[in-house]
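# Tertiary structure, described
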Amino acid sequence: MIKALTVWLDAFSDASPARRFWLAMLAVLPIAALIAAYLWLNQPPYRTLYPRLSDQSGGEVMAALDQLDIAYRLSESDGTIQVPANQLYAARYKLAARGLPKPDTQAYARTEPTPSFGLSQFQEQLRYQHALEAELVRSIETLAAVASARVHLAIPKASPFLRDPPPVTAAVLLQLKPQQSLSSEQVSAIQHMVAASVPRLKPGDVSVHGPQGKLLGVTDNSADVQRAALEASLAQRVAQALSGLGMQAADIQITATLGSDGRTRRLSGAVILPAGAWPETIEKANVLAREVIGFDAQRGDSLSVIALPDAPVAPSVKAPPTSIGTVSPIQSDHIAEEWLWTGGVLGVLLLLVFAMRKRQTPAPAIEATAPSESDAFEDLLQATRRQTLDNPRVTADVIRMWMQA
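Within any chain, residue numbers begin from 1 and follow the written order of that chain's sequence. Where totals are concerned, whole chains, interfaces and linings use all residues; where local detail is concerned, this predicted model gives features only for residues with pLDDT of at least 70, and gives and counts side-chain atom pairs only at 80 or more. Where side-chain values are given, they derive from all heavy atoms of the structure, hydrogens and water being excluded.

## Focus on the overall build of the protein
Put simply, the rule reads: Strands here are runs of E lasting at least two residues and helices are runs of H or I lasting at least four, both read from the DSSP assignment and numbered beginning at the N terminus. Only protein chains enter the accessibility calculation, which uses a 1.4 Å probe. A residue is then buried if its area is under 20% of the maximum for its type, exposed if over 50%, and partly exposed in between. Throughout, a residue-residue contact means that at least one pair of heavy atoms, one from each residue, lies within 4.5 Å. For the accessible areas, the method is Shrake-Rupley and the probe is 1.4 Å, while residue cover comes only from the protein chains on display.
A count of helices and strands for the protein gives 12 helices and 10 strands. Split into buried and exposed, the 405 residues of the protein put 24% on the buried side. Looking at the protein alone, contacts between residues at least 24 apart form 60% of all its contacts between residues at least 6 apart. Looking at the protein as shown, the accessible area adds up to about 28,400 Å², and 60% of this sits on carbon and sulfur atoms.

## Topic: helix α7 (residues 184–197)
What counts, and what does not: The span you would expect from a helix comes to 1.5 Å times its residue count less one. Think of it as the arc spanned by the lines of direction from the helix axis to the C-beta atoms.
Taking 1.5 Å of rise per residue, the 14 residues of α7 would be expected to cover 20 Å, and the 20 Å separating its terminal C-alpha atoms lies within 8% of that figure. Among the residues of α7, V187, I190, Q191, V194 and A195 are the ones counted as buried. Summarising the axial view, the buried residues of α7 lie within an arc of 125°, below the 170-degree limit, and thus occupy one face. Residues E185 and A196 are exposed on α7 and point more than 90 degrees away from its buried face. Among the structural elements, α6 (121–140), β4 (146–154), β5 (168–176), β6 (201–209) and β7 (215–216) are those in contact with the buried residues of α7.

## Digging into the pairing of strand β9 (residues 264–273)
Keep this limit in mind: Here the rule is simple: two strands pair whenever DSSP picks up at least two bridges between them. A right-handed crossover is one whose linking path, passing over the helix from the first strand to the second, runs clockwise when the strands point away from the viewer.
Relative to β9, strand β8 (residues 251–258) runs antiparallel, the two being bridged by eight bridges. Looking at β9, one finds that A256 is bridged to L267. Note: β9 against strand β10 (residues 302–307), six bridges, orientation parallel. Within the sheet, the bridge partner assigned to I272 lies in β10 and is I306. With helix α9 (residues 279–293) bridging β9 and its parallel neighbour β10, the resulting β-α-β unit is right-handed.

## Side note on the sheet that holds β4
Taking strand neighbours across the sheet as the criterion, the four strands line up as β4-β5-β6-β7 in an open arrangement whose pairing is mixed. Strand pairing shows two members of the sheet lacking a second neighbour, β4 and β7, which therefore form its edges. Strand direction decides the pairing type here: β4 and β5, joined by eight bridges, are antiparallel. The residue bridging H152 from the neighbouring strand is A171, located in β5.

## Topic: the packing of aromatic side chains
The line we're drawing: Centres within 6.5 Å make a pair out of two Phe, Tyr or Trp rings, where for Trp the six-membered ring is used; the pair is then stacked when the planes are under 30 degrees apart, edge-to-face when over 60, and tilted otherwise. In our convention, an over-ring charge means Lys NZ or Arg CZ found within 6 Å of a ring centre and within 35 degrees of that ring's normal.
Applying the stated criterion across every chain yields a total of zero aromatic pairs. When the ring centre of Y50 is taken as reference, the NZ or CZ atom of R92 above it lies at 5.9 Å.

## Points about the sheet that holds β8
Definition in use: To obtain each axis, a line is fitted to C-alpha atoms, and for helices this fit is confined to the stretch in contact; angles are then taken between N-to-C directions over 0 to 180 degrees.
If you trace the three strands from one edge of the open sheet to the other, you get β8-β9-β10, paired in mixed fashion. Among the strands making up the open sheet, the edge pair consists of β8 and β10. On average, adjacent strands in this sheet sit at an angle of 5° to one another, irrespective of strand direction. On the sheet, α9 packs against β8, β9 and β10 and is oriented at approximately 150° with respect to β10.

## Some points on the confidence of the model for the protein
Here is the rule we go by: As a per-residue measure, pLDDT reflects the predictor's confidence and takes values from 0 up to 100.
Chain-level statistics for the protein give a pLDDT mean of 76 and a share of 73% at 70 or above. In the model, residues 106–112 has pLDDT below 50 throughout and makes 13 contacts with residues more than four positions away in sequence or in other chains. Low pLDDT, under 50, characterises residues 322–327; the stretch is placed with six contacts to residues that sit more than four places away or in other chains.

## Here we look at unusual backbone geometry
Residues L100 and P101 are joined by a peptide bond in cis, for which omega reads -5°. On the secondary structure map, P101 appears in the loop between α4 (88–97) and α5 (105–108). Unusually for a residue other than glycine, D69 sits at a positive phi of about 55°. Here D69 shows up in the loop between α3 (55–67) and β2 (73–74). Even without a glycine there, the phi angle at R200 is positive, about 65°. Accessibility expressed as a relative area gives 38% for R200, which makes it partly exposed.

## Some thoughts on the pattern of salt bridges
Note the cut-off: Within this document, salt bridges are pairs made up of a side-chain nitrogen of Lys or Arg and a carboxyl oxygen of Asp or Glu, the two lying within 4 Å of each other.
Within this structure, the stated rule accounts for three salt bridges. Its salt-bridge partner being R227, residue E231 comes within 3.2 Å of it at the nearest N-O pair. Taken together, the positions of E231 and R227, both in helix α8 (residues 222–244) and four residues apart, correspond to about one turn of that helix. Judged by its relative accessible area of 15%, E231 falls in the buried class.

## Some thoughts on the side chain of Q129
Within the secondary structure, Q129 sits in helix α6. In contact with Q129, other than residues within four places in its own chain, are L153 and I155.

## Here's the deal with the environment of G204
For G204, the location among the structural elements is in strand β6. A residue is classified by how much of its surface remains accessible, and G204, at 71% relative accessible area, is exposed.

## With respect to the packing of α6 against α7
Selection criterion: An angle counts as roughly parallel when it lies under 35 degrees, as roughly antiparallel when it exceeds 145, as roughly perpendicular when it falls between 65 and 115, and as oblique in every other case. What makes a crossing left-handed is the near helix being turned counterclockwise from the far one by less than a right angle; a clockwise turn instead makes it right-handed. Only Asp, Glu, Lys and Arg are considered charged in this grouping, and only Ala, Val, Leu, Ile, Met, Phe, Trp, Tyr, Cys and Pro are considered nonpolar; every other residue, Gly among them, is considered polar.
For the pair α6 and α7, the least separation of the axes is 11 Å and the interaxial angle reads 150°. One finds that α6 runs roughly antiparallel with respect to α7. For the element pair α6 and α7, the recorded crossing hand is right-handed. Residue-level contacts link L132, L136, S139 and I140 of α6 to I190, M193, V194 and S197 of α7. Taken together, the residues of the contact of α6 with α7 sort by class into six nonpolar, two polar and no charged.

## Quick look at the nonpolar core
To be explicit about the condition: Here, nonpolar core refers to any group of buried Ala, Val, Leu, Ile, Met, Phe, Trp, Tyr and Cys residues whose side-chain atoms link them within 4.5 Å.
Membership of the largest hydrophobic core comes to 24 residues, with the highest contact counts inside it found for I140, V172, L174, L182 and V194. Those elements that place two or more of their residues in this core are α6, β4, β5, α7 and β6. Among the elements that line this core, the one with the most residues is β5, at five residues. Each residue touching L174, except ones within four places of it in the same chain, is listed here: I140, V146, S148, A149, L182, I190, V208, H209, G210, P211 and L216. L234, V238, M247 and V305 belong to the second-largest nonpolar core, a separate cluster that totals 17 residues.

Written out as structure tokens, the structure is:
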């Protein structure tokens, strides 16, 4: 081996420059081939980074991988981005920290590539709705905590034959960034933004859902239950303290205002003592109630202790005339007699009117007696008028009874 190497070196030194180049290449090429074969046979396996990416999102991911110094390659079969298997999850975490990959809102808003001419009304409404949903998605994704969003609108067709049009509703699905959350004010802002963009849509009809489908922006009633329990407990404690001193409260009302952490922010209340309480008793009740509820003036608490006023003596006043259902027996008998008299007069009056209408003939004999009958009718009519003017209520009741009968 040493002798062959010596011969090769002697030949290399005696050779011309061109011959030396080819002799060097014969020595280097086998070594380079061995190194390349070793690297090709022992290269790390690659795995797909994300299965489905649009061209825009894929370009953003490749640019980020270049900045992060992460090797990648494109699959020859489907063109997906592949990274070394040992760097797959690290690459996903680093891209997620940068908010990648972003959703393809343009694909989300993509409609059928058909011309506007010849479209049906339903197709036009569908294209308009998809475009509106895509614009809302873009607006929602401008929030710092939102990684991606989807908006679904339910816009029923209004009919002129319906008095109340069917309500419009919407659902918003949010994908938040790692370690991010939305406050109730932000959720309310999303609801109002969506409602302001769609006709006949109310903010209360917009539901916002989180990554696991949890409904966001819904106030938990546990705070209301806690507040009601605190108010009832304080009112009961004040009543027990007053009863221990021989005082019985007519009414106790306590209102508590809690913050989000459940602590008491403010108390306001009123204690009403029975009528006839002395000023000294009111003062003692005031001091005792303040101690029981933990009154704090710096916190803005307020408490009022008052006594009911004494009941005044009602003066004897003659009761005004009332209806038959609420008068005394004597008054009812008198009113009944008036009803009978007035009813009889009105009945006779009606009978005379009907009789005179039937007896109106051109005979001379009847014309001779007409003045006496007309005088009697006029007297009866005047008496009925006087009775009606003197007792209008009774007359109205009689007519009402006739109409009901």
